[in-house]
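Take a look at the letters that make up each chain.
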Amino acid sequence: MSDQNQKQINIELDEKTAEGIYSNLAIINHSVSEFVVDFISMMPGAPKAKVKSRIVLTPQHAKKFLKALNDNVKRFESAHGTIKDYEQPPIPMNFGPTGEA
């Protein structure tokens, strides 16, 4: 690809966003036109969990995100070993509307 075809995007990251938000659970809903990913922070023994962030993606971007995340997990495991998947009991979900548009 020539230099003329390459476009650069300047991405700004403010200080608050750079701190990140802790999440140990994600709930995914979808409709024909979008995927909705709710990132949740759930503390052990607490009867309530709180959605910390919601990301809405087009189906095309959801698929690109899936591929990018899969590629990154493979690279991480190549460098650091297999990520263990601990079995956890199902969590009854009862919040907000479903992902229908």
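Everything below is about the structure shown above.
Reference entry: report on the structure contained in this document. Note that the structure is a prediction, hence the values are computed from the model and not measured.

**A short note on the pattern of salt bridges**
Per the counting criterion, the structure on display carries two salt bridges. In this structure, the salt-bridge partner of aspartate 38 is arginine 54, at a minimum N-O distance of 2.6 Å. Within this pair, whereas aspartate 38 is found in strand β2 (residues 35-41), its partner arginine 54 is found in strand β3 (residues 50-57), the two being separated by 16 residues in sequence. For arginine 54, a relative accessible area of 47% corresponds to the partly exposed category.

**Re the layout of surface pockets**
There is about 430 Å³ of room inside the largest pocket. At the level of elements, β1 (25-30), β2 and α2 (59-80) are the ones that each hand at least two residues to the lining of the largest pocket. Broken down by element, the lining of the largest pocket gets its largest block of residues, six residues, from α2. Classifying every residue of the lining of the largest pocket by side-chain character gives 11 nonpolar, one polar and two charged.

**Remarks on the side chain of serine 41**
Structurally, serine 41 can be placed in strand β2. Beyond its immediate stretch of four places on either side in the chain, serine 41 contacts Tyr22, Asn24, Ala49, Lys50 and Lys52.

**Description of the pairing of β2**
Note on strand geometry: in a regular strand, side chains alternate between the two faces of the sheet. Taking burial as the measure, the seven residues of β2 include five buried ones, the bulk of the element. Across six bridges, β1 lies against β2 in antiparallel orientation. Following the sheet pairing, leucine 25 is matched in β2 by isoleucine 40. Note: β2 against β3, seven bridges, orientation antiparallel. Of the residues in β3, the one forming a bridge with phenylalanine 39 is serine 53.

Rules of the game
- All residue numbers refer to position in the chain's written sequence, counted from 1.
- With pLDDT at 70 or above as the cut-off, local features in this predicted model cover only qualifying residues; side-chain atom pairs require 80 or more to be listed or tallied, and sums for whole chains, interfaces and linings still use all residues.
- With hydrogens and water excluded, all non-hydrogen atoms of the structure serve as input to the side-chain values.
- Any carboxyl oxygen of Asp or Glu within 4 Å of a side-chain nitrogen of Lys or Arg constitutes a salt bridge here.
- By the criteria applied, helices consist of DSSP H or I runs no shorter than four residues and strands consist of E runs no shorter than two, each listed in order from the N terminus.
- Exposure is judged per residue with a 1.4 Å probe applied to protein chains only, and the accessible area is read against the type maximum: over 50% gives exposed, under 20% gives buried, and values in between give partly exposed.
- Any residue with an atom within 4 Å of a point lines the site, the site being either a cavity, points on a 1 Å grid over the protein atoms alone where a 1.4 Å probe fits but cannot get out, or a pocket, an open set with protein on both sides within 12 Å along at least 5 of 7 lines.
- Grid points are joined across faces, edges and corners, and a volume is the space filled by probe spheres set on the points.
- Three residue categories are used. Nonpolar comprises Ala, Val, Leu, Ile, Met, Phe, Trp, Tyr, Cys and Pro, charged comprises Asp, Glu, Lys and Arg, and polar comprises the others, including Gly.
- Pairs of residues are marked as contacts when any of their non-hydrogen atoms sit within 4.5 Å.
- At least two bridges found by DSSP between two strands are what make those strands a pair.

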